[in-house]
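So you can see what is in the structure, the chains are spelled out below.
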Amino acid sequence: MNIKELYEKIGGNYDDVLTRLMSESFVERFALMYTKDSSYETLMAAVGSADICEQFRAAHSLKGVAANLGFTELSKAAAELTEQLRPQNKQANPELVNTVKAAQQKTIAGLAEYQALQK
């Protein structure tokens, strides 16, 4: 699997991120760095603690990170949750949280498979 195929597998937009980062090696480097990003874990902790303000902040952060990396499916899921939380007057919608979880799992699994194949 090459980096472009990884992006296809996870519902990402390789061409868009390549335009921003300008080289395949940068795309690969930054995509793999995502596995160390804590935005998703912060979101799940905020959902667990019922902290609506932190839920919004974490969802917004995840949306931005995913968008910058061209992880379109994850970014869209996080964007929907962000907009639901924007008024900051009700808890995260469980269906939207599950959509984010599924997109996150798909992204992490794809990245892990890609890394394993590169060794």
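For the structure itself, look to the data block above.
Attention here is on the structure that accompanies the text. (Residues numbered from 1 in each chain as written. Predicted model: local features only at pLDDT ≥ 70, side-chain atom pairs only at ≥ 80, totals over all residues. Heavy atoms only, no water.)

Observations regarding the packing of aromatic side chains
- Under the defined criterion, the tally for this structure stands at four aromatic pairs.
- Ring centres of Y7 and Y14 lie 5.9 Å apart, and the angle between their planes is 65 degrees; on these two criteria the pair is classed as edge-to-face.
- On the basis of relative accessibility, which here comes to 1%, the residue Y7 falls in the buried class.
- You can call Y14 buried: its relative accessible area is 9%.
- When the ring of Y34 is compared with that of F71, the centres are 5.4 Å apart and the planes differ by 85 degrees; the resulting orientation is edge-to-face. Pair noted here: Y34 is in the loop between α3 (24-33) and α4 (39-49) and F71 is in the loop between α5 (52-68) and α6 (72-85), with a separation of 37 residues, a long-range link. Each of the two residues, Y34 as well as F71, counts as buried.
- An aromatic cluster of at least three residues, connected via ring pairs, comprises Y7, Y14, Y34 and F71. (Phe/Tyr/Trp six-rings, centres within 6.5 Å; stacked < 30°, edge-to-face > 60°. Buried < 20%, exposed > 50% of the residue type's maximum accessible area, 1.4 Å probe, protein only. Helix = DSSP H or I, 4+ residues; strand = E, 2+ residues; numbered from the N terminus.)

Describing helix α7 (residues 94-118)
- For α7, which comprises 25 residues, the first-to-last C-alpha distance of 36 Å matches the rise-based estimate of 36 Å (1.5 Å per residue) to within 8%.
- L96, V97, V100, A103, Q104, T107, G110, L111 and Y114 are the residues of α7 that are buried.
- Buried residues in α7 make contact with α1 (3-9), α3, α4, α5 and α6.
- Capping of α7 at its N-terminal end is provided by N93; its side-chain oxygen lies 2.7 Å from the backbone amide nitrogen of E95. (Expected span 1.5 Å × (residues − 1). Contact = heavy atoms within 4.5 Å. Polar contact = N/O pair within 3.5 Å; in protein donor to acceptor, adjacent residues only side chain to side chain.)

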